[in-house]
Amino acid sequence: QVQLVESGGGLVQAGASLRLSCAASGRTFSSISVGWFRQAPGKEREFVAFIIGSGGKTYYADSVKGRFTISRDNAKNTVFLQMNRLRPEDTAVYYCAGASWPGSSASSYNYWGQGTQVTVSS
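Everything numeric here is computed off the predicted structure, so don't read it as measured data.

Asker: Would you mind going over the nonpolar core in detail, with residue names and values included?
Answerer: Counting 35 residues, the largest nonpolar core has Trp36, Leu81, Met83 and Tyr94 as the members making the most contacts within it. Secondary-structure elements contributing two or more residues to this core are β3 (18–25), β4 (33–39), β5 (46–51), β7 (68–73), β8 (78–83), β9 (92–99) and β11 (116–121).

Structure representation (structure tokens):
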């Protein structure tokens, strides 16, 4: 019932910024929490951040706290991930996902986008 599409990834140098977007289609976007996850080759999918439906509460993984900011514009059915001071270890495919209940576990999420590649060179 909710479809998500990520965009905004690319190849940047360390220290640069990127802004990822997660565009949703569906009837209940404002009622769902949205999380960002990332997965590097050969590694498990890793939690990055989530935001609740109203946008009033956010939560970040320690590895990105202070550098990344999650936000949403419910009028546009879009969630954003602003990534600043990128590091090579941020290189991964980034996914957005939707859930009825927020959390840092991928198992909490019911809907997933296709992913967008972020590559950070040193």
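So, next bit.
Asker: Could you give an account of the environment of alanine 24, naming the residues involved and the relevant values?
Answerer: Relative to the helices and strands, alanine 24 is located in strand β3. The spacing of alanine 24 and alanine 97 is 73 residues in sequence and 9.9 Å in space, taken between C-alpha atoms. Among all residues touching alanine 24, those that are not within four sequence positions of it are Val2, Gln3, Leu4, Phe29 and Asn77.

Asker: A description of the sheet that holds β7 should follow, citing residues and the corresponding values.
Answerer: Spatially, the four strands line up as an open sheet ordered β1-β3-β8-β7, and their pairing is antiparallel. Strands at the two margins of the open sheet, each flanked by one partner only, are β1 (3–7) and β7. Each strand axis lies, on average, 15° off the axis of its neighbour in the sheet, ignoring direction. Pairing between β7 and β8: six bridges, direction antiparallel. Bridge pairing in β8 links serine 71 to phenylalanine 80.

Asker: Which residues make up unusual backbone geometry, and what values do they have?
Answerer: Unusually for a residue other than glycine, asparagine 77 sits at a positive phi of about 55°. Tracing the sequence through the fold places asparagine 77 in the loop between β7 and β8. Judged by relative accessible area, which is 22%, asparagine 77 ranks as partly exposed.

Asker: Please set out the state of the cysteines residue by residue, giving values where relevant.
Answerer: Scanning the model with the defined rule gives one disulfide in all. What pairs with cysteine 22 in a disulfide is cysteine 96, and their sulfur atoms sit 2.1 Å apart. Between cysteine 22 and cysteine 96, the S-S torsion sits near 70°, and that sign places the bridge as right-handed. Pair noted here: cysteine 22 is in strand β3 and cysteine 96 is in strand β9, with a separation of 74 residues, a long-range link. Here the two residues cysteine 22 and cysteine 96 agree in accessibility, since each one is buried.

Asker: So, the pattern of salt bridges: which residues are in play, and what are the values?
Answerer: Evaluated as defined, the whole model comprises three salt bridges. Where aspartate 90 meets arginine 38, a salt bridge forms, and the shortest distance between an N and an O atom there is 2.9 Å. Remark: arginine 38 occurs in strand β4 and aspartate 90 occurs in the loop between β8 and β9; sequence separation between them is 52 residues. For aspartate 90, a relative accessible area of 0% gives the class buried. Of the charged contacts, one joins aspartate 90 and arginine 67 as a salt bridge, the two residues approaching to 2.8 Å between their closest N and O atoms. Separated by 23 residues along the polypeptide, aspartate 90 in the loop between β8 and β9 and arginine 67 in the loop between β6 (58–60) and β7 bring together distant segments of the chain. Per residue, the accessibility class of aspartate 90 equals that of arginine 67, and both read buried.

The rules behind these values
- Residues numbered from 1 in each chain as written.
- Predicted model: local features only at pLDDT ≥ 70, side-chain atom pairs only at ≥ 80, totals over all residues.
- Heavy atoms only, no water.
- Core = buried A, V, L, I, M, F, W, Y, C linked by side-chain atoms within 4.5 Å.
- Buried < 20%, exposed > 50% of the residue type's maximum accessible area, 1.4 Å probe, protein only.
- Helix = DSSP H or I, 4+ residues; strand = E, 2+ residues; numbered from the N terminus.
- Contact = heavy atoms within 4.5 Å.
- Pairing = 2+ DSSP bridges.
- Axes fitted to C-alpha atoms, helices over the stretch in contact; angles between N-to-C directions.
- Disulfide = S-S within 2.5 Å.
- Salt bridge = Lys/Arg side-chain N within 4 Å of Asp/Glu carboxyl O.

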